[in-house]
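# Analysis of the macromolecular model
Residue-level listing of the chains:
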Amino acid sequence: MRTPYDAIIIGGGHNGLTCAAYLARAGRRVLVLERRECVGGAAVSEQVFPGFTFSVFSYVVSLLRPEIIRDLDLPRHGLHILPLESTLTPLPNGDYLAQWDDHDQNRHELARHSLRDAEAYDEFGRLMHQMSRAVKPLLGLIPPDPASLNPRDWFELARLGSHLRGLGATRFHALHKLLTMSSADYLDEWFETEALKATKSASGIIGTLAGPRSPGTAYVLLHHYMGEIDGVFRAWGFAKGGNGSVSGAIAGAARSFGAEIRTGAAVAHVLLDRGRAAGVVLEGGEEIRAKRVVSGADPRRTFLELVGADHLPAEFAQALERFRFRGASGKVNLALGELPSFTCLPGNGPHLRGAISISPSVDYLERAFDEAKYGEFSTRPYLDIVIPSAIDPGMAPPGKHVMSIFVQYAPYHLNGGWTDARREAFGDAVIDTLAQYAPNLKSAILHRQVITPADIERTVGLTEGSIFQGELTLQQMFWLRPVPGWAKYRTPIRRLYQCGAGTHPGGGVMGASGRNAALAMLEDGA
Amino acid sequence: MLKTTPFHGRTAPLCASHAWRRWAGYVVASSYELTHEREYHAIRSAAALFDISPLHKYRVRGRDAARLLDRVVTRDVARAALGQVLYTPWCDAAGKVLDDGTVARLDETSFRMTAAEPGLRWLQDNALGLAVAIEDVSESTAALALQGPASRAILQQLTDTDLADLKYFRITAARLREFWVTISRTGYTGDLGYEIWVEARHAEAVWDALATGGAPYGITPAGMLALDVARIEAGLMLIDVDYVPARKALLEAQTSSPFELDLAWTVNLAKEQFVGKRALVREAQRAPQWQFVGLEIDWDALERLYAEAGLAPQLPGVAWRTSTPAYADGKQVGYATSGCWSPLLKKYIALAHLRSPWAAPGTLLELEVTIEHRRRRAAARVVKKPFFNPERKRA
Amino acid sequence: MSAVVIGVGVNELVAAHYLARVGQRVLVLDHGSVTDETATGWIPPRVVRNLELERAGLVIQSHDPWVAAALPDGGRLELWHDMGRSVEAIRRLSPRDAEKWPEFCTRMAQLAGVLEALYTAPPPDPLTRAWRDFARLAAIGFGIRRHGRRGVEDLLRVLPMPVADLLDDWFECDALKGVLGAAGIMHARHGPRASGTAFRLLHEHVGNPAGVFRQPRSNVGRVLQGLPGVEIRRGAEIARITVREERVAGVVLADGNEIPALVVVSGLDPRRTLTELVDPGWLDPAFARTVRNIRCRGVVARVALTLEREPGFSTLVVAPSLDYLERAADDAKYGRISAAPYLEARSDRSRGGGGHCVDVHAQYAPYALAGGGWNDTCRAALGRAVVECLAQHAPAIAAATVEQSVHSPRDLEQVYGYPEGQAHHAELALDQAFWMRPVPDLAQYATPIRGLYLCGMATHPGAGVNGASGANAARAIARDLARRRNA
């Protein structure tokens with residue numbers, strides 16, 4: 001019999017693949033098991049309609065850790081990140097607000113709306129840039145546990161404390177505010193232009209059942225500034241070939257280090273041997289043994305389905321029950337016969353190569369949230385749109401286009417539940433909303449794919465369709481993610497680890513959870 | 001898109017070099033001709049005409065206008081005479097320079113402020129509790145600088161206002177041909193010169209008047225490259241090049257106080273209150289750590305270094321702006337931030353920040369030069385600024 | 001005069017008496033704003049002891065039941081100081097919740113104990129380099145750890161939580177969650193689903209026995225005013241605070257009189273103190289901007305009803321569920337008065353000549369109404385809505401109300417000097433609490449103007465803790481004065 005694997009990774013999402021790549025790179029024999037026929041989890045590119053390729057779920061790259069790109073040499077495995085140049089916010093009055101990469105152009109545009117804001121914008125950008133630098137070290141950190149009595153945790157906490165104190169008063173207090181304030185309140189201190197505040201605060205609500213006025217959303221403002229692409233701060237990007245090529249590149253790197261990847265291999269449960277993880281059992285009954293098992297699935301799926309509550313300490317299981325998912329986002333993917341033409345900026349232009357944000361005012365977003373709070377999808381939702389084919393023509397047949405529309409809010413817990421009819425009604429609401437600003441949209445649509453949180457759960461296995469594998473709120477962050485005391489990628493089951501976004505630092509196509517988990521395993525002697 | 005100034009209709013056809021650059025979000029000519037040399041010499045021997053419209057301009061009016069400006073800048077605005085123009089820096093609460101520009105007293109309760117950086121928000125924030133109206137007139141006001149020995153004669157034939165009465169750093173309203181303008185005797189060249197402020201809609205007509213009237217005197221449209229050489233000769237610092245405005249600094253060490261920029265003369269500590277006073281009072285009690293000085297690079301030393309490489313000295317034709325280390329006794333004691341070959345003085349000069357012990361005029365230093373891909377050090381001497389200071393400037 | 005204190009509120013008077021005790025000649029200026037004579041809030045025992053308030057006649061009125069929540073079916077959920085009685089009351093609605101009540105109360109009391117330790121001293125400064133502050137921070141840390149792992153977990157997890165999530169974790173009964181959730185949003189602009197509202201629930205709990213989540217009332221204001229040792233000047237309207245050479249010089253009254261002082265302590269809100277009474281030219285404009293950014297959005301109207309006869313309750317809360325509260329907050333987001341407001345009524349026999357008085361806290365009634373300001377029509381409509389709503393649960397109200405007066409947030413601003421009608425002067429939220437209250441540069445009671453201090457509700461720990469801000473401020477002042485003497 002062959003020696004068993006050093007590690008089995010459950011789930012071939014980008015975090016699982018990253019974890020596998022790091023383990024394989026360290027010389028371990030690893031096997032990745034992916035339930036679907038393609039790897040990538042929620043970072044996949046699929047030809048949903050012939051000739052039209054979509055980043056079906058996640059759609060931009062912003063937070064992919066640069067050290068992962070370097071360590072795994074991802075560009076060699078096909079990763080090519082194209083810049084997203086701008087953000088356009090069309091307004092109901094026929095005007096628009098655009099944010100451009102070029103400083104002068106951006107300043108002129110903002111000055112058109114408010115001279116004060118144009119000035120504040122630079123100062124704000126500099127503070128956010130500094131704050132991103134302050135926060136960045138926390139992302140790659142295995143979070144120390146303040147409740148522990150272990151001297152090592154104390155040492156790590158002291159180090160963390162001295163990092164935070166080293167920021168100086170201004171930045172320390174700014175960090176405190178970013179962590180505790182709502183993005184709308186935070187932006188109110190800086191800006192007066194509604195559309196600017198709304199568009200910026202929208203980044204704080206993505207993936208979370210929270211509105212721009214909900215405290216705790218300000219922190220996510222940093223994410224826009226943290227997107228280091230090729231070492232350049234402040235840039236969002238779009239992966240050539242769609243987000244599947246991110247997963248593809250990581251998988252390629254993993255394979256090049258010797259990792260095995262099996263698709264179409266759904267894990268039924270984790271095999272336990274005297275309370276320790278010893279391998280997995282596939283749905284077909286096949287048993288695969290390994291010295292360690294690491295799960296990229298979200299915490300609820302991992303522990304309550306693949307392990308089973310009976311095998312877990314009662315307090316741990318209870319804490320998992322409290323872990324909140326509450327998926328709030330949907331996706332509409334369109335195959336278009338022609339580019340949309342916006343009333344505010346008709347025809348083709350550079351604005352179509354950036355993001356388009358339907359977020360005319362903070363109240364607009366807040367109203368969208370109100371509906372979701374009480375279990376309805378937003379009839380006038382927040383939309384974050386990109387047209388990948390305008391940046392990467394290979395995504396669609398010549399002259400035709402693909403459009404990716406990220407939609408909020410679509411609550412998982414919809415009153416009466418999600419049905420086919422409700423899904424289509426939701427899709428109609430999205431199209432109607434966008435068509436208000438781009439009248440040719442409806443006639444340009446060749447095909448449409450509507451994805452609800454229920455669909456996300458069913459297709460990629462994210463509980464409640466939560467795109468971050470659990471809400472990224474303060475009470476579920478850092479050393480509390482997913483469960484206090486078990487935030488270091490280890491679990492109460494010995495030799496079972498977690499590497500999904502349900503662990504620190506969580507969401508976004510970041511890869512940090514996968515990398516941190518691999519480092520934790522190697523530290524344990526894997 | 002970038003903006004064009006109100007003179008673009010005139011400057012664009014003249015720009016044979018197609019050498020444009022950005023200035024505060026506008027496009028302006030680097031040089032009109034293929035090289036900037038003639039444009040430079042026009043400043044010193046005839047008259048050069050610059051489009052300086054991209055400057056930020058603010059109109060401050062109201063009962064408390066002087067009080068507001070006094071809160072903001074380091075000089076004493078309340079005591080400025082009618083028609084006086086003050087060159088002044090302004091600071092943040094830590095006493096670090098945010099920007100520098102001019103404040104012109106147009107009448108008892110009305111001022112025009114020019115700035116290199118947008119400053120409306122800062123003015124507004126300082127205006128808390130004051131009866132004052134602040135207006136950004138950057139776009140509605142076009143501006144030209146007419147600089148050089150012939151500038152007075154050119155301007156005088158176009159206006160009835162007697163310019164002989166207009167002293168250095170004074171401003172007056174005047175009718176230039178049929179257009180109302182304000183004329184200030186100010187500039188960025190260290191030469192005799194004027195700046196003309198006009199409503200944007202009359203900009204081209206005023207340009208035409210000057211161009212026609214100035215032709216017999218050799219008036220020459222000039223671009224930023226010529227200006228850069230002239231301002232270094234005049235020892236005038238440039239924001240973003242010679243100092244980092246405090247708001248853009250990423251480190252405290254990047255910021256400078258007025259004392260460190262050789263602007264002690266602009267800081268009036270007797271004023272009751274102004275932003276940064278507390279910090280500047282403290283700093284005035286110590287000696288500043290840094291000083292901003294002129295450097296002259298020793299030609300013989302330079303020639304020797306080039307000779308060692310088998311070359312004759314080759315100097316860049318335009319002013320440079322790369323930070324260049326300066327050494328004394330083998331260790332770095334400062335850095336030069338801009339420099340050029342002065343075509344008039346026939347000297348290689350630079351503006352430099354030096355630690356105070358090495359900043360006294362006459363101190364011998366070494367400045368890094370790169371010759372044939374190698375870094376060498378050429379002897380240099382600290383000298384008094386300005387390098388060039390003609391009598392006509394103030395006369 | 002060595003010290004001038006502006007305001008005759010509880011914090012101002014406590015500060016004045018503490019300063020008098022360290023040998024300062026103190027003048028208290030009653031600047032004309034009305035102060036609430038019955039103060040709501042816990043008084044730190046040390047303040048009671050130091051100022052011997054009990055001997056001076058301090059009476060704390062703690063209702064029992066401390067709360068009576070109106071139930072949709074007409075009944076009431078009454079919660080008592082006695083744990084057993086509360087359990088019985090809850091059991092009628094949910095046996096499961098009744099089971100959990102005692103543990104919930106113990107856990108919350110532990111957390112409130114941590115806050116209590118934090119509240120009775122100036123806020124810790126996490127950036128401190130002073131050994132003493134460091135030791136204090138460590139002591140607080142150990143204090144939490146004393147309750148084991150769970151103590152730390154609870155504290156760090158609960159503080160930033162929405163009170164709705166916290167209560168959903170524990171309970172199923174809407175009425176119970178509603179009445180507890182209301183404590184998390186009292187005077188807050190946010191609804192119970194907002195992060196940080198669990199902290200506010202604890203704030204309401206501090207100083208009270210386990211299982212009591214409302215602050216008591218007391219006559220502390222009146223008692224302090226009668227206490228000898230400081231001079232109080234009535235009707236002294238303040239025109240400005242004078243500053244010379246960046247140091248406070250005194251106070252100028254509206255009648256032109258100038259009172260020179262070494263130290264000026266203001267109980268007014270920071271915005272008024274620093275950007276209106278002081279010439280803002282003395283401030284760093286960037287700092288002045290942060291002061292103007294202090295959030296103080298009032299959302300509460302106070303409705304006073306005079307009744308011919310007993311209303312039939314001593315306290316009555318209308319907050320039937322978390323969703324009810326959330327919907328009430330939704331209205332306020334868009335500048336509307338809640339269609340179905342959260343009400344908290346207390347009847348007070350001691351006031352009003354002969355009749356019965358009912359004080360109603362009506363939330364949300366935003367300071368800034370969309371589509372026009374507050375006028376008599378709005379006020380009357382709100383008054384009617386409040387009476388109708390209460391009458392559903394206490395029918396006596398409708399028939400017996402002979403008089404109603406409505407104080408909108410705008411009125412509260414005018415009468416009591418609440419900025420934007422916000423009774424807490426600065427909203428109590430995690431970004432404006434502890435070392436951030438009201439802004440970091442003011443958290444230690446001193447201002448950038450030497451000799452000028454704040455002691456009002458906008459400072460740590462703020463409203464709901466009577467006298468703590470005043471006592472903390474006085475300590476900071478005494479320390480500075482000692483330092484100056486030694487220098």
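Residues numbered from 1 in each chain as written. Chains lettered and ligands numbered in written order. Predicted model: local features only at pLDDT ≥ 70, side-chain atom pairs only at ≥ 80, totals over all residues. Heavy atoms only, no water.

A tally of helices and strands in chain B yields nine helices and 20 strands. Scaling as 2.2 N^0.38, a compact globule of 395 residues should have a C-alpha radius of gyration of about 21 Å, and chain B matches this with 21 Å. Projected onto the principal axes, the alpha-carbon positions of chain B cover approximately 60 × 55 × 45 Å. A sequence separation of at least 24 residues applies to 66% of the contacts in chain B between residues at least 6 apart. Of the roughly 16400 Å² of accessible surface on chain B, a fraction of 51% belongs to carbon and sulfur atoms. Placing the 49 positive and 45 negative side-chain charges of chain B at their respective mean positions leaves the two points 3 Å apart. (Helix = DSSP H or I, 4+ residues; strand = E, 2+ residues; numbered from the N terminus. Rg over C-alpha atoms; globule rule 2.2 N^0.38 Å. Contact = heavy atoms within 4.5 Å. Areas by Shrake-Rupley, 256 points an atom, 1.4 Å probe, with all protein chains shown as cover. Lys, Arg positive; Asp, Glu negative; His and termini not counted. Charge placed at Lys NZ, Arg CZ, Asp CG, Glu CD.)

What follows covers the interface of chain A and chain B. Many descriptions give the size of an interface as the accessible area lost when the pieces come together. Between chain A and chain B, the contact holds 14 residues from the first and 20 residues from the second. Summing both partners gives a buried area of about 1500 Å² for chain A against chain B, and 45% of it is carried by carbon and sulfur. When the area that chain A buries against chain B is broken down by residue, the three leading residues are H108(A), R116(A) and E119(A), summing to 38%. Counting every contact that joins chain A to chain B gives five salt bridges. Measuring nitrogen to oxygen at the nearest pair gives 3.1 Å for the salt bridge that ties R121(B) to E123(A). At the boundary of chain A with chain B, the tally comes to nine residue pairs in polar contact (both at pLDDT 80 or more). Elements that contribute at least two residues to the side of chain A that touches chain B include exactly α3 (103–113) and α4 (115–139) of chain A. Sorting elements by how many residues they give to the side of chain A that touches chain B places α4(A) first, with seven residues. (Buried area = accessible area lost by both parts, 1.4 Å probe. Salt bridge = Lys/Arg side-chain N within 4 Å of Asp/Glu carboxyl O. Polar contact = N/O pair within 3.5 Å; in protein donor to acceptor, adjacent residues only side chain to side chain.)

Now for the interface of chain A and chain C. Listed per partner, the contact involves 37 residues of chain A and 37 residues of chain C. In total, chain A and chain C occlude about 3600 Å² of area from one another, counting both sides; carbon and sulfur atoms represent 52% of this. On the chain A side of the contact with chain C, R165(A), Y374(A) and Q475(A) bury the most area, a combined 20% of that side's loss. Seen at the junction of chain A and chain C, the total is 21 residue pairs in polar contact (both at pLDDT 80 or more). Of all the elements in the fold, those that place two or more residues in the side of chain A that touches chain C are α5 (151–166), α6 (169–180) and α13 (362–373) of chain A. Residues that form the side of chain A that touches chain C fall into these classes: 15 nonpolar, seven polar and 15 charged. (Nonpolar A, V, L, I, M, F, W, Y, C, P; charged D, E, K, R; others polar.)

With that out of the way, let us pick up the state of the cysteines. Counted according to the given criterion, the structure contains zero disulfides over all chains. Distance from the sulfur of C378(C), which forms no disulfide, to the nearest cysteine sulfur (C389(C)) is 18 Å. (Disulfide = S-S within 2.5 Å.)

This part is about the domain arrangement of chain B. Residues and elements named next belong to chain B. Considered domain by domain, chain B is made up of domain 1 (3–55 + 139–222), domain 2 (57–136) and domain 3 (289–395). The distance between the C-alpha centroids of domain 1 and domain 2 comes to 24 Å. With both chains or domains summed, domain 1 and domain 2 bury close to 1100 Å², and 58% of this area falls on carbon and sulfur atoms. Contact with domain 2 buries area across many residues of domain 1, yet L55, F169 and I171 alone supply 50% of it, more than any other trio. Inspection of the region where domain 1 meets domain 2 yields zero salt bridges. Taken together, the links from domain 1 to domain 2 amount to six residue pairs in polar contact (both at pLDDT 80 or more). Considered class by class, the residues forming the side of domain 1 that touches domain 2 number four nonpolar, five polar and one charged. (Domains from an automatic or database assignment.)

All names here are of chain B. The strand order across the open sheet formed by five strands is β6-β7-β8-β5-β9, and the pairing between neighbours is antiparallel. Among the strands making up the open sheet, the edge pair consists of β6 (85–91) and β9 (133–136). Adjacent strand axes in the sheet meet at a mean angle of 25° when their direction is disregarded. With respect to the sheet, helix α3 (residues 65–72) is in contact with β5 (56–61), β6, β7 (97–107), β8 (110–115) and β9, its orientation differing from that of β8 by roughly 30°. (Pairing = 2+ DSSP bridges. Axes fitted to C-alpha atoms, helices over the stretch in contact; angles between N-to-C directions.)

This next bit is on the packing of helix α11 (residues 270–277) of chain C against helix α12 (residues 285–292) of chain C. All names here are of chain C. Running from amino to carboxyl end, α11 crosses α12 at an angle of 140°, the nearest separation of the two axes being 9 Å. Like other packed secondary-structure pairs, α11 and α12 cross with a definite hand, here left-handed. Contacts between α11 and α12 involve P270, R271, L274 and T275 on the former and, on the latter, F287, V291 and R292. Taken together, the residues of the contact of α11 with α12 break down into four nonpolar, one polar and two charged. (Left-handed = near helix turned anticlockwise from the far one by under 90°.)

Attention now goes to a nonpolar patch on the surface. Nonpolar side chains collect at one region of the surface, where L149(A), W154(A) and F142(C) lie side by side and expose about 350 Å² of accessible area between them. With respect to the element layout, L149(A) can be found in the loop between α4 and α5. (Patch = residues over 30% accessible without salt bridge, like charges linked within 9 Å, V, L, I, M, F, W, Y side chains within 5 Å.)

Counted by the stated rule, this structure contains twelve cavities of 30 Å³ or more. Its boundaries defined by the atoms lining it, the second largest cavity holds a volume of some 170 Å³. Lining the second largest cavity are 13 residues, and of these E119(A), R126(A), E117(B), P118(B) and R247(B) sit closest to its centre. Breaking the lining of the second largest cavity down by element, the ones donating at least two residues are α4 of chain A together with α4 (120–126) of chain B. A total of four residues in the lining of the second largest cavity trace back to one element, the largest contributor, which is α4(A). Broken down by class, the residue content of the lining of the second largest cavity amounts to four nonpolar, no polar and nine charged. (1 Å grid on protein atoms, 1.4 Å probe; cavity = no way out; pocket = protein on both sides within 12 Å on 5 of 7 lines; lining within 4 Å. Points joined across faces, edges and corners; volume = space filled by probe spheres on them.)

This brings us to the packing of aromatic side chains. Counting across every chain of the model gives 30 aromatic pairs over all chains. Their ring planes at 25° and their centres at 5.7 Å tell us that Y59(A) and F406(A) sit as a pair that is stacked. With a gap of 347 residues between them, Y59(A) in the loop between β4 (52–55) and α2 (66–71) and F406(A) in strand β16 (residues 401–408) connect regions that are remote in the sequence. For the pair formed by Y59(A) and F406(A), the shared burial category is buried. The structure contains a cluster of three or more aromatic residues connected by ring pairs, namely W66(C), W101(C), F104(C), W170(C), F171(C) and F213(C). Its guanidinium or amino end placed over the ring of Y374(A), R327(C) lies 3.6 Å from that ring's centre, counting from NZ or CZ. (Phe/Tyr/Trp six-rings, centres within 6.5 Å; stacked < 30°, edge-to-face > 60°. Buried < 20%, exposed > 50% of the residue type's maximum accessible area, 1.4 Å probe, protein only. Lys NZ or Arg CZ within 6 Å of the ring centre and 35° of its normal.)

Turning our attention to helix α6 (residues 203–214) of chain B. Residues and elements named next belong to chain B. With twelve residues, α6 extends 16 Å from end C-alpha to end C-alpha; this agrees with the ideal 16 Å at 1.5 Å per step. When α6 is considered as a whole, its buried residues turn out to be A203, V206, W207, A209, L210, G213 and G214. Along the long axis of α6, the arc covered by the buried residues comes to 160°, so they all point the same way. (Expected span 1.5 Å × (residues − 1). Arc of directions from axis to C-beta.)

Once that is clear, we can look at the pairing of strand β17 (residues 331–342) of chain B. Residue and element names in this part refer to chain B. Here strand β16 (residues 324–328) pairs with β17 via five bridges, running antiparallel. Considered in β17, the bridge of A328 is made with K331. Turn length for the β16-β17 hairpin, with the two strands adjacent in sequence and antiparallel, is two residues, and the turn residue D329 shows positive phi of about 50°. Of the pairings in the sheet, the one linking β17 to strand β18 (residues 347–355) comprises eight bridges and is antiparallel in character. The residue bridging G339 from the neighbouring strand is A350, located in β18.

Turning our attention to the sheet that holds strand β12 (residues 179–184) of chain B. All names here are of chain B. Pairing is mixed in the open sheet, where six strands are placed in the order β11-β12-β13-β10-β4-β14. Edge positions in the sheet fall to β11 (171–176) and β14 (219–221), since each of these pairs with one other strand and no more. On average, each strand axis in the sheet is tilted by 30° relative to the strand beside it, whichever way the strands run. Across six bridges, the pairing between β11 and β12 is antiparallel. Following the sheet pairing, A173 is matched in β12 by T182.

Moving on, we come to a positive patch on the surface. There is a patch of like positive charges on the surface, built from R46(C), R49(C), R132(C) and R475(C). By the element assignment, R132(C) lies in helix α5 (residues 131–145).

Another point: the domain arrangement of chain A. Residue and element names in this part refer to chain A. Domain annotation of chain A identifies domain 1 (5–43 + 61–80 + 240–323 + 468–523) and domain 2 (124–234). The straight-line distance from the C-alpha centre of domain 1 to that of domain 2 is 25 Å. At the interface, 24 residues of domain 1 touch 26 residues of domain 2. Broken down residue by residue, the surface that domain 1 buries against domain 2 is led by F478, W479 and K488, which jointly contribute 24%. Our enumeration of links across domain 1 and domain 2 arrives at two salt bridges. A salt bridge links E523 to R152, with the shortest nitrogen-to-oxygen separation between them at 3.4 Å. Across the domain 1-domain 2 interface, the total number found is five residue pairs in polar contact (both at pLDDT 80 or more).

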